[in-house]
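# Observations on chain architecture
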Amino acid sequence: ARGVKTYCAVNAFARDRDFDNLDVYLRFLRSVNIDALIVSDPGVFYTARRIVPEIPIHISTQANTSNSHSVRFWHELGASRAILSRELSMAEIGAIRAPEGFELEVFVHGAMCVSISGRCLLSSWMCGRDSNRGECAHPCRYKYALMEETRPGEYLPVYEDEGGTYILNSKDLCMLEYIPELVSAGVTGFKIEGRMKSAYYAAAVVKAYREAIDGYFESPALYERNKQRYMEEIQKTESRGFTTGFYFSRPGPEAQVYQPCASPHSQGPSGKGTGSDFAAVALDYDAASGCALVEQRNKFWRGETLEIFSHSRPNREQVIATMTDEQGVQLENAPHPRQKIRIKVEGPVLPMDILRRNHKC
């Protein structure tokens, strides 16, 4: 309805039992006009080509496509795009020669997996949750201690700083400052990792990349002038700090983060932290009263200054001078999850505009 393409991940490593209803599921996806399937398993690929041959297939990063020969292999089988291995350098990506009309997609932003192209066994072994079937428990983000084999049960902390030691915890990938290099390498699709992320995170990151990409194609000089502004938008989202991954060199210690999260949590009055920038989402606007109806996502207070983050208008700051519940009762704060609140705003807001705390990481 909004003119957005929708790709469906059907990229689990399938067992025989998974094929019992796969044909029914694929026909359902056809009925709702899915634009492409993301596939890694050859059996799923074969079934999709047989049951719904009209739906384009994109090869998942978990298929570890890392060379021109693999690209040609998938092209000849009927795929239209490959999401390349995350371990490739910019030079290696640039050297891949895709057949005409075949698209290359790469990860540009988000969490980095400790395992090659996301093929991790830690989650299954430690938690009984299969990361390759969409259930990753992120054990690489856990805090670990050291145990010496002759002293079982005696756990020795490995200190890095007051935050402890997170020996498998990579910083997040961020390639916003390297749009020209990615375009020159022949990349046609930029993938932003959003699994288990909030709607606010997805909206803020996607908007920053969209503006950066459009800015670059409008004018490389314009992109360079605005690059710092694009990065400031990215830095308003939660992250573990940023790295360029494998694009320019083999990651070293500087690509690791030794604490749970590198972003500071925002604070309300009296230092009451919410742990999130996302304060509320706009539902409606009444021009006669100048009030917006919003739905609370995290606690915020009367007197706070929030930023209205819009999908189609310039962002602006707004002091929350008055706030009431739907019955008109005055409120000092918004305490209840998803509570609907009316606030006075300077100028109209649009449905799905986001109210957030404006701080920098």
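What comes next is a walk through the structure. Throughout this description, residue numbers start from 1 for each chain and increase along the sequence as written. Given that the model is predicted, a residue must reach a pLDDT of at least 70 before its local features are reported, and side-chain atom pairs must reach 80 or more before they are shown or counted; all residues, however, enter totals for whole chains, interfaces and linings. Heavy atoms from the whole structure form the basis of all side-chain values; hydrogens and water molecules are not counted.

When a carboxyl oxygen of Asp or Glu is within 4 Å of a side-chain nitrogen of Lys or Arg, the pair counts as a salt bridge. Summed over the entire model, instances satisfying the criterion amount to 18 salt bridges. Linking R30 and E54 is a salt bridge whose minimum nitrogen-to-oxygen distance equals 3.1 Å. Placement of R30 in helix α1 (residues 22-31) and of E54 in the loop between α2 (42-51) and β3 (57-59) is noted, with a sequence separation of 24 residues between them. What makes R30 partly exposed here is its relative accessible area of 33%. The exposure class of E54 is partly exposed, given its relative accessible area of 47%. R81 serves as the salt-bridge partner of E103, at 2.7 Å between the closest nitrogen and oxygen. Going along the chain from the N terminus, every DSSP run of H or I of four or more residues is numbered as a helix, and every run of E of two or more is numbered as a strand. Only protein chains enter the calculation, and the probe is 1.4 Å; a residue is then buried if its accessible area is under 20% of its type maximum, exposed if over 50%, and partly exposed in between.

Working note: regular strand, side chains alternate between the two faces of the sheet. Burial along strand β2 (residues 36-39) is two-sided: A36 and I38 facing one way and L37 and V39 facing the other are all buried. Pairing analysis gives three bridges linking strand β1 (residues 7-9) to β2, with the strands arranged parallel. Each residue of the ladder has a partner; that of C8, found in β2, is L37. Assignment of crossover handedness uses the view with strands pointing away from the viewer, where a clockwise path from the first strand over the helix to the second indicates a right-handed crossover. Handedness of the crossover joining β1 and β2 through α1: right-handed. Two strands are counted as paired when DSSP detects at least two bridges linking them. Across three bridges, the pairing between β2 and β3 is parallel. From the neighbouring strand, V39 faces β3, where its bridge partner is I59. Regarding topology, α2 serves as the crossover connection from β2 to the parallel β3, and that connection is right-handed.

What follows concerns α1. An α-helical turn contains 3.6 residues, so a residue and the one three or four places further along point in the same direction. Listed as buried for α1 are L22, L26 and L29. Mapping the buried residues of α1 onto a view down its axis gives an arc of 55°, with all of them on the same face. With respect to the buried face of α1, the exposed residues turned more than 90 degrees away are V24 and S31. Next to the buried residues of α1 lie β1, β2 and α2. Two residues or fewer past α1, N33 is found with a positive phi of approximately 65°. An arc is given here, and it is the one of the directions from the helix axis to the C-beta atoms. Only heavy atoms enter the contact rule, under which two residues are in contact if any of them lie within 4.5 Å.

Mapping E233 onto the fold places it in helix α8 (residues 220-234). The class for E233 is buried, based on a relative accessible area of 14%. By the criterion applied in these results, polar contacts are pairs of N or O atoms within 3.5 Å in which, for protein atoms, one can donate a hydrogen and the other can accept it, and in which residues neighboring in sequence qualify only through two side-chain atoms. At a separation of 2.9 Å, a polar atom in the side chain of E233 contacts the side chain of R356. Those residues in contact with E233 that lie beyond four places of it in its chain are A208, F309, N315 and R356.

Before going further, it helps to spend a moment on the packing of aromatic side chains. Aromatic rings from Phe, Tyr and Trp, taking only the six-membered ring of Trp, are treated as a pair when their centres fall within 6.5 Å; an angle between ring planes under 30 degrees marks them as stacked, one over 60 as edge-to-face, and anything in between as tilted. Within the structure shown, the criterion is met by nine aromatic pairs. Ring centres 6.4 Å apart and planes at 25° place the aromatic pair Y25 and F28 in the stacked group. Of the two residues, Y25 and F28 are both situated in helix α1; the distance of three residues between them amounts to about one turn of the helix. Owing to a relative accessible area of 46%, F28 belongs among the partly exposed residues under this scheme. An aromatic cluster is built from Y216, F217, Y223 and Y230, whose rings are joined through pairwise contacts. The criterion for a charge sitting over a ring is simple: Lys NZ or Arg CZ within 6 Å of the ring centre, and within 35 degrees of the ring normal. Sitting above the plane of the F107 ring, R86 keeps its charged end 4.2 Å from the centroid. Directly above the ring of Y201 sits K197, whose terminal nitrogen or CZ lies 4.7 Å from the centroid.

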